[in-house]
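Fold and contact review
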Amino acid sequence: MNMSSPTIDLLAVNRRRKARRHSIALALLLALVVVLFGFTLSVGQSVIAPLDVLRVLSGEPIPGTSFTVGQLRLPRAVLSILSGLCFGLGGVAFQVMLRNPLASPDIIGITSGAGAAAVFAIVVLQMSGPMVSLLAVGAGLGVAVLVYGLSFRNGVGGTRLILVGIGVSAMLQSVIAYILSTAPSWSLQEAMRWLTGSVNGAQLQQALPLLLALAVFGGVLLSRTRDLEALRLGDDTASALGVRVSQTRMLVIVSAVGMIAAATAVTGPIAFVAFLAGPIAARIVRSNGSLLLPAALVGAILVLLGDYVGQVLLPSRYPVGVITGALGAPYLIFLIVRVNRTGGSL
Amino acid sequence: MTDHSLVATELSAGYDGKEILKGLDLTIPSGRITVIVGANACGKSTFLRTLSRLLTPTKGHVLLDGTSIHRTPARQLARTLGLLPQAPIAPEGITVADLVSRGRHPHKSLFSRWTRKDDEAVDGALAATKTFDLAERPVDELSGGQRQRVWIAMALAQETEILLLDEPTTFLDINHQIEVLDLLTDLNRERGTTVVMVLHDLNLAARYADDLVAMAGGKIHAFGTPEEVLTEDMVREVFGLESRIIEDPLSGRPMMLPIGRHRMAGIGASL
């Protein structure tokens with residue numbers, strides 16, 4: 001057995017190199033988030049010197065600049081990052097668990113469920129504020145349970161769950177369309193805001209529920225990283241490796257839906273961020289390690305970038321959901337074509 | 001290597017309320033190669049799934065060292081009892097070394113770090129399956145035979161004393177089938193691992209088994225040495241097929257020649 005020690009060393013070297021690549025990818029993504037954060041704070045319709053931005057952030061009052069940075073740009077950037085982290089992490093958890101990039105919450109109806117409930121609350125029940133959000137979160141969880149239940153047969157098959165989810169999503173979309181068609185114009189605007197997803201009118205205190213969701217649900221998901229990685233080998237293999245598959249599934253579903261719903265409640269469903277973050281992270285990380293953290297960071301980058309493009313770079317202002325939607329739809333088509341051809345998984 | 005006893009008592013199990021295993025009793029001999037054969041839908045895969053806890057029995061128990069496996073913590077069970085399912089999934093782009101390392105999962109807890117011992121286990125598994133040269137190759141680029149060796153390597157890295165395999169030779173060319181069965185025999189001889197597998201090919205089953213199990217109708221039809229189990233009567237009762245059993249000139253084990261309606265010149269009028 002002592003003979004084999006050079007081969008063991010070789011294995012260890014390769015393993016460490018992969019771990020290092022994973023850390024580097026994470027560090028780069030994190031750096032990109034920080035740079036984008038700083039950039040969106042200082043460069044907008046007007047340009048504010050980075051030093052002034054830092055002074056405002058440290059609490060120093062500068063007339064005019066304090067308002068622009070502290071009241072307008074900062075809450076926007078902070079909410080973009082936090083909701084992006086929630087969407088990215090929640091989305092990739094679903095995709096990894098069900099071994100299919102199409103299994104993201106915005107495809108399988110969870111987002112539509114939250115949207116339908118919000119529109120119903122606004123238009124029919126004439127509610128507003130936190131009650132709408134609460135209802136939306138509840139509906140998101142409800143749809144998750146419904147889709148899970150409908151696709152249950154000797155355990156839950158990934159493909160069946162996706163197809164059931166797409167069906168449920170279509171049904172909910174028609175509910176939304178029906179309610180909108182009967183809506184009076186004054187509530188229509190509020191309802192539309194819920195459906196496109198934007199960080200317009202962001203306020204810093206809205207960050208609190210997102211931080212909470214990240215801490216609790218994100219913590220649960222990250223603590224399950226190894227089990228999720230094992231699930232990528234198939235339910236049977238994961239089970240043979242000592243993963244309690246159904247229990248892990250339930251935990252992941254509740255946590256991921258919790259995060260997605262919390263973010264949706266604050267920003268509305270920012271289209272396709274949950275769906276895009278995982279596959280983009282997979283391109284960056286390759287097979288060097290877990291996708292959870294990288295996908296969360298990619299989600300934050302997508303929302304930050306999408307909002308910036310919508311606010312500053314285009315001739316008129318668009319909510320971030322329009323930008324990410326325009327980005328995500330072609331990718332969805334590409335993915336469906338590709339998955340059909342290769343049966344590819346995440 | 002310690003002896004482990006794996007016993008099924010009055011085991012019933014199935015899907016959608018349909019019973020497939022119907023009160024089955026079997027003690028898996030420790031440190032030997034046990035091969036399960038039987039016609040399609042006789043319950044052999046269901047039996048293997050129930051033995052490995054993928055399926056919960058509706059009646060009866062699977063006892064590992066006297067304790068029901070459904071009461072043993074999942075991780076602890078996975079350190080003693082390994083399973084290679086029929087269709088494991090390799091994530092896109094995963095390398096061989098990575099995949100084999102996944103076998104260490106039951107030995108790791110949330111905060112435990114990768115240790116030298118883990119590297120040794122992976123190295124040993126790669127060496128035993130002769131896949132070390134493939135270590136940094138992506139699994140999806142390998143041939144069917146190589147891939148199956150890699151999956152077995154993953155199960156080896158798990159370092160379980162009992163290994164269950166569901167049709168490990170399906171979809172493989174005959175040369176790779178022999179390669180895999182030889183490898184499992186090495187494993188049994190060198191590490192003392194108890195091997196239990198379902199095989200389709202009766203002759204390969206008889207050649208490689210220490211003990212042969214023939215299943216029919218969700219029960220054990222016959223259990224014993226290949227000579228005791230692979231008989232013309234068994235083949236007729238389990239498969240509904242007339243046959244001749246001769247001695248395999250290479251292994252000395254029984255070998256089954258099926259009797260069909262055509263090309264039977266050798267037995268002429270004796271039919």
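Residues numbered from 1 in each chain as written. Chains lettered and ligands numbered in written order. Predicted model: local features only at pLDDT ≥ 70, side-chain atom pairs only at ≥ 80, totals over all residues.

Worth spelling out the cut-off: UniProt positions are given in the numbering used here, feature names are shortened, and annotations may be inferred rather than shown by experiment.
Within an unreviewed UniProt entry, the label attached to chain B reads ABC transporter ATP-binding protein, and the organism entered is Ferranicluibacter rubi. Per its UniProt entry, chain B bears the Sequence similarities (unreviewed entry) comment "Belongs to the ABC transporter superfamily."

With an unreviewed UniProt entry as reference, chain A is termed Iron ABC transporter permease, source organism Ferranicluibacter rubi. Per UniProt, the comment on chain A under Sequence similarities (unreviewed entry) is "Belongs to the binding-protein-dependent transport system permease family. FecCD subfamily." The Subcellular location (unreviewed entry) field of the UniProt record for chain A holds the comment "Cell membrane".

**Regarding the overall build of chain A**
Filter applied, for reference: We count a stretch as a helix when DSSP gives it H or I for four or more residues in a row; a strand needs E for two or more, and each element gets its number in order from the N terminus. In this setup the radius of gyration rests on C-alpha atoms only. A globule is expected at 2.2 Å times the number of residues raised to 0.38. Labels follow a simple rule on C-beta atoms placed from the backbone: if 20 or more others lie within 10 Å of a residue's own, it is buried; if 12 or fewer, it is exposed; otherwise it is partly exposed. It is the C-beta atoms, placed from the backbone, that decide contacts: two residues are in contact if theirs lie within 7 Å.
The secondary structure content of chain A amounts to 14 helices and zero strands. Secondary structure elements of chain A occur, N-terminal to C-terminal, as α-α-α-α-α-α-α-α-α-α-α-α-α-α. A compact globule built from 346 residues should have a C-alpha radius of gyration of about 20 Å, and chain A, at 21 Å, falls within 12% of that. Principal-axis analysis of the C-alpha atoms places the extent of chain A at approximately 75 × 50 × 35 Å. Every one of the 346 residues in chain A was classed for burial, and the buried ones make up 48%. Sequence separation of at least 24 residues holds for 76% of the intrachain contacts in chain A that already meet a minimum separation of 6.

**Some details on the interface of chain B and chain A**
Spelled out, the test is: Residue type decides the class: Asp, Glu, Lys and Arg count as charged, Ala, Val, Leu, Ile, Met, Phe, Trp, Tyr, Cys and Pro as nonpolar, and the leftover types, Gly among them, as polar.
Between chain B and chain A, the contact holds 34 residues from the first and 26 residues from the second. For the side of chain B that touches chain A, the secondary structure elements donating two or more residues are α2 (74-77), β6 (81-84), α3 (96-101) and α4 (116-128) of chain B. The greatest single-element share of the side of chain B that touches chain A, amounting to five residues, is contributed by α4(B). Partitioned by chemical class, the residues of the side of chain B that touches chain A number 18 nonpolar, six polar and ten charged.

**Overview of the pairing of strand β12 (residues 254-258) of chain B**
Residue and element names in this part refer to chain B. Note the cut-off: Note: two strands are recorded as paired if DSSP finds a minimum of 2 bridges between them.
Looking at chain direction, strand β11 (residues 243-247) and β12 are connected through five bridges and run antiparallel. Across the sheet, the residue bridging to I246 is M255, located in β12. Counted between consecutive antiparallel strands, the loop separating β11 from β12 contains six residues, among which G252 sits at a positive phi close to 75 degrees.

**A look at the sheet that holds β6(B)**
Residue and element names in this part refer to chain B. Applied cut-off: Each axis is a line fitted through C-alpha atoms, and for a helix only the stretch in contact is used; angles between axes span 0 to 180 degrees, taken between their N-to-C directions.
Taken together, six strands build an open sheet; the order of strands is β6-β7-β8-β3-β9-β10 and the sheet is mixed. A strand with exactly one partner marks an edge of an open sheet, and here the two such strands are β6 and β10 (219-224). When the angles between neighbouring strand axes are averaged without regard to direction, this sheet yields 20 degrees. Where strand β7 (residues 162-166) meets strand β8 (residues 194-198), five bridges bridge the pair, whose relative direction is parallel. Following the sheet pairing, L165 is matched in β8 by M197.

**Considering the domain arrangement of chain B**
Residue and element names in this part refer to chain B. The following threshold applies: In this document the domain limits rely on a domain assignment from an automatic tool or a database.
Splitting chain B by domain gives domain 1 (1-80 + 160-241) and domain 2 (88-159). For domain 1 and domain 2, the distance between their C-alpha centroids amounts to 24 Å. Each partner contributes residues to the interface: domain 1 has 14 residues there, and domain 2 has twelve residues. Looking at the side of domain 1 that touches domain 2, the element that brings in the most residues is helix α6 (residues 174-191), giving five residues. Residues of the side of domain 1 that touches domain 2, tallied by class, amount to eight nonpolar, two polar and four charged.

**Quick look at the packing of helix α3 (residues 65-97) of chain A against helix α11 (residues 245-267) of chain A**
If you want to describe how two helices pack, look at the angle between their axes and the distance between the axes. Residue and element names in this part refer to chain A. Inclusion rule: Put simply, angles under 35 degrees are roughly parallel, angles over 145 are roughly antiparallel, angles from 65 to 115 are roughly perpendicular, and the rest are oblique. A crossing counts as left-handed when the near helix is turned anticlockwise from the far one by less than a right angle, and as right-handed when that turn is clockwise.
At a minimum axis separation of 9 Å, α3 and α11 run at an interaxial angle of 150 degrees. Between α3 and α11, the angle is such that the two are roughly antiparallel. In the crossing of α3 with α11, the sense of the turn from one axis to the other is left-handed. Two secondary-structure elements touch here, α3 through L79, S83, C86, F87, L89, G90, A93, F94 and M97 and α11 through R249, V252, A256, M259, I260, A262, A263, V266 and T267. Considering only residue class, the contact of α3 with α11 consists of 14 nonpolar, three polar and one charged.

**Observations regarding the sheet that holds strand β4 (residues 59-64) of chain B**
All names here are of chain B. One open sheet holds the four strands; their spatial order is β2-β1-β4-β5, and the pairing between them is antiparallel. In this open sheet, the two edge strands, each paired with only one partner strand, are β2 (18-28) and β5 (67-68). Where strand β1 (residues 6-15) and β4 come together, five bridges link them in antiparallel fashion. Bridge pairing in β4 links V7 to L63. The sheet contacts of helix α1 (residues 44-51) involve β1, β2 and β4, and relative to β1 the element is tilted by about 120 degrees.

**Re helix α13 (residues 292-313) of chain A**
Under the convention used in this document: To estimate how far a helix should extend, the number of its residues minus one is multiplied by 1.5 Å.
For α13(A), spanning 22 residues, the distance from its first C-alpha to its last is 30 Å, which sits close to the expected 32 Å at 1.5 Å a residue. Among the 22 residues that make up α13(A), 19 are buried, leaving the element largely enclosed by the rest of the structure.

**A closer look at the pairing of β4(B)**
Note that β4(B) and β5(B) share two bridges and pair antiparallel. Paired with B:L63 across the strands is B:S68, a residue of β5(B).

**Notes on the nonpolar core**
We apply this condition: To define a nonpolar core, we join buried Ala, Val, Leu, Ile, Met, Phe, Trp, Tyr and Cys residues through C-beta atoms within 7 Å and take the resulting set.
Of all hydrophobic cores here, the largest spans 182 residues; its most connected members are A:C86, A:A93, B:V35 and B:V100. No other element matches α3(A), which puts 15 residues into this core. Split by domain, the residues of this core number at least three in each of domain 1 (1-80 + 160-241) and domain 2 (88-159) of chain B. Ignoring any residue separated from it by four or fewer positions in sequence, one finds A:A93 in contact with A:L221, A:L228, A:V252, A:A256 and A:L292.

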